[in-house]
Every structure is written in structure tokens, then in C-alpha cells.
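Topology and contacts: notes
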Amino acid sequence: MGLEDKLPNGVLLASVEKLVNWSRKSSVWPATFGLACCAIEMMTVGGSRYDLARFGMERFSATPRQADLMIVAGRVTNKMAPVLRQIYDQMPEPRWVIAMGVCASTGGMFNNYAVVQGVDHVVPVDIYLPGCPPRPEMLIDAILKLHATIMDEPLGATRTANRLASGATTEMVPSSIAYAKG
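Residues numbered from 1 in each chain as written. Predicted model: local features only at pLDDT ≥ 70, side-chain atom pairs only at ≥ 80, totals over all residues. Heavy atoms only, no water.

1. Focus on the UniProt feature "binding site: [4Fe-4S] cluster" (unreviewed entry) in the chain
In the numbering used here, UniProt assigns the "binding site: [4Fe-4S] cluster" (unreviewed entry) feature to Cys37, Cys38, Cys103 and Cys132. For this annotated set, covering 96 residues, all C-alpha atoms fall within 10.0 Å of each other, a compact arrangement in space. Here Cys38 is to be found in helix H3 (residues 38-45). With near-sequence residues (within four places) excluded, Cys38 lies in contact with Ala73, Gly74, Met100, Gly101, Pro133 and Pro134. Tracing the chain through its elements places Cys103 in helix H5 (residues 102-106). For Cys103, a relative accessible area of 9% translates into the label buried. Not counting residues up to four positions away in its chain, the partners in contact with Cys103 are Gly74, Arg75, Gly108 and Phe110. (UniProt positions renumbered as here; feature names shortened; annotations may be inferred. Helix = DSSP H or I, 4+ residues; strand = E, 2+ residues; numbered from the N terminus. Contact = heavy atoms within 4.5 Å. Buried < 20%, exposed > 50% of the residue type's maximum accessible area, 1.4 Å probe, protein only.)

See the structure below:
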């Protein structure tokens with residue numbers, strides 16, 4: 001004789017945190033930032049063969065103000081890093097980042113002054129996706145892992161404190177990437 005025997009049919013018990021996280025997980029809208037060959041694989045995921053719509057992600061946002069997931073696909077140059085950071089700053093909270101491909105994660109084979117050696121120098125990254133280029137199945141797996149992370153996130157001030165404790169700050173643009181306005 002458990003609790004389910006005492007409740008009438010149609011009653012759902014859950015915490016507000018779990019319901020909010022479930023709704024966030026089920027409606028992630030990605031802002032794409034395709035910079036190189038990984039972008040082709042990212043676009044493939046939106047096609048009918050891989051059907052990203054089954055995860056509630058069929059709408060790739062053209063504006064950062066309506067997106068909560070940034071998929072950085074490809075190498076980030078020092079010239080593009082401030083633009084990437086500006087788009088990230090325009091995204092509403094909560095927001096997540098997937099670094100797609102070895103070039104976005106570590107700079108890849110481009111070990112020179114023009115390429116940022118990892119997008120985590122510019123924005124905080126939640127999921128690193130290896131490969132050159134990674135297969136569409138790998139991106140779907142990374143999205144599913146991000147969904148599991150979203151389901152376990154606390155709400156409000158606790159989430160902010162956890163992100164700051166993990167090193168995710170708003171001042172992650174290194175001085176070598178900073179640019180002068182004027």
C-alpha cells in the first residue's frame with residue numbers, strides 16, 4: 001500500500017525544479033556558429049535522416065536572443081573570438097555551449113597565432129565533442145548528454161554559484177583576444 005494507491009488518477013507528483021528542467025531539456029534551441037568543415041556535419045543533423053526534431057530542437061535560431069545552446073563547429077580565429085563572445089553574451093540564461101570538433105576544442109592542427117587554442121578561452125564550454133569532423137551521431141550523443149546535465153541542474157542562485165565555482169565567469173576573454181573599440 002504505497003502513495004500511488006492513495007492518490008486519485010491523473011495526479012502527478014514532481015518538484016518544480018524537475019518540471020522546469022524537463023521543459024528546458026525538451027525545448028533547447030541551438031544558435032549555430034559554424035566556422036569550418038564541422039558545420040556541414042552539424043547541418044546534417046537537422047536533416048530528415050537524423051531528425052533532430054524528435055528532441056525538440058528542430059528550430060535552429062538565427063538570433064542569439066532566442067537560443068539557449070551554442071554549437072561552436074570548427075576553428076575559432078582571434079578575429080572571430082570577440083564576435084563569438086558577443087553572441088554568447090546576447091543569449092539568455094540558462095545557456096549551454098557544445099564545442100564541436102577538435103579545432104573548436106583545442107585548436108586542432110592549427111597551432112599558430114591566428115587560431116584560438118580552444119573555444120573555452122572565449123566562452124565556458126559544457127560539452128566537448130571530439131573528432132575531425134565528428135559524425136552526426138556523435139553530435140546527437142553529445143546533445144543527449146547535455147539533456148542529462150540539464151535535468152540535474154539546480155535552479156536560481158544555486159545554479160549561478162555552481163557555474164562560478166566551476167570556473168565559468170563572464171570575463172573569459174583573454175587579453176590577447178580583446179579588441180579596442182573606437
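2. Quick notes on unusual backbone geometry
Cis geometry marks the peptide bond from Glu93 to Pro94, where omega comes out at -10 degrees. Tracing the backbone shows Pro94 in the loop between helix H4 (81-90) and strand E3 (96-100). Following Cys132, the chain continues to Pro133 via a peptide bond in cis, the omega torsion being -20 degrees. Locating Pro133 in the fold gives a position in the loop between strand E4 (127-129) and helix H6 (136-151). One non-glycine residue with positive phi stands out, namely Asp51, at about 50 degrees.

3. Examining the state of the cysteines
Scanning all chains against the criterion turns up 0 disulfides. Lacking any disulfide linkage, Cys37 is separated from the closest cysteine sulfur, that of Cys38, by 4.9 Å. Residue Cys37 is classed as partly exposed on the basis of its relative accessible area of 46%. On the basis of relative accessible area, Cys38 is assigned to the buried category, the value being 5%. (Disulfide = S-S within 2.5 Å.)

4. Things to note about the confidence of the model for the chain
Chain-level pLDDT for the chain is 78 on average; 79% of the residues reach the 70-or-more range. Of all helices and strands in the chain, the one with the weakest mean pLDDT is helix H1 (residues 3-6) (61), whereas E3 scores best (91). For the stretch residues 169-182, pLDDT sits under 50, and the model shows 22 contacts to residues farther than four places along the chain or on other chains. (pLDDT = per-residue confidence, 0-100.)

5. Re H6
Taking 1.5 Å of rise per residue, the 16 residues of H6 would be expected to cover 22 Å, and the 23 Å separating its terminal C-alpha atoms lies within 8% of that figure. Those residues of H6 that sit buried are Pro136, Leu139, Ile140, Ala142, Ile143, Leu146, His147 and Ile150. Projected down its long axis, H6 carries its buried residues within an arc of 160 degrees, all on one side. Looking at the buried residues of H6, the elements they touch are helix H2 (16-25), H3, strand E2 (69-73), E3 and E4. (Expected span 1.5 Å × (residues − 1). Arc of directions from axis to C-beta.)

6. Notes on the pairing of E3
E3 sits mainly inside the fold: 5 of its 5 residues count as buried. On E3, burial covers both faces: Trp96, Ile98 and Met100 on one face and Val97 and Ala99 on the other are all buried. Bridge count for E2 against E3 is 5 bridges, and the pairing is parallel. Residue pairing across strands places Ala73 opposite Met100, the latter belonging to E3. Of the crossover connections in this fold, the one passing from E2 over H4 to the parallel E3 is right-handed. Pairing analysis gives 3 bridges linking E3 to E4, with the strands arranged parallel. Across the sheet, residue Ala99 finds its bridge partner in E4, namely Tyr128. (Pairing = 2+ DSSP bridges. Right-handed = clockwise from strand over helix to strand, strands pointing away.)

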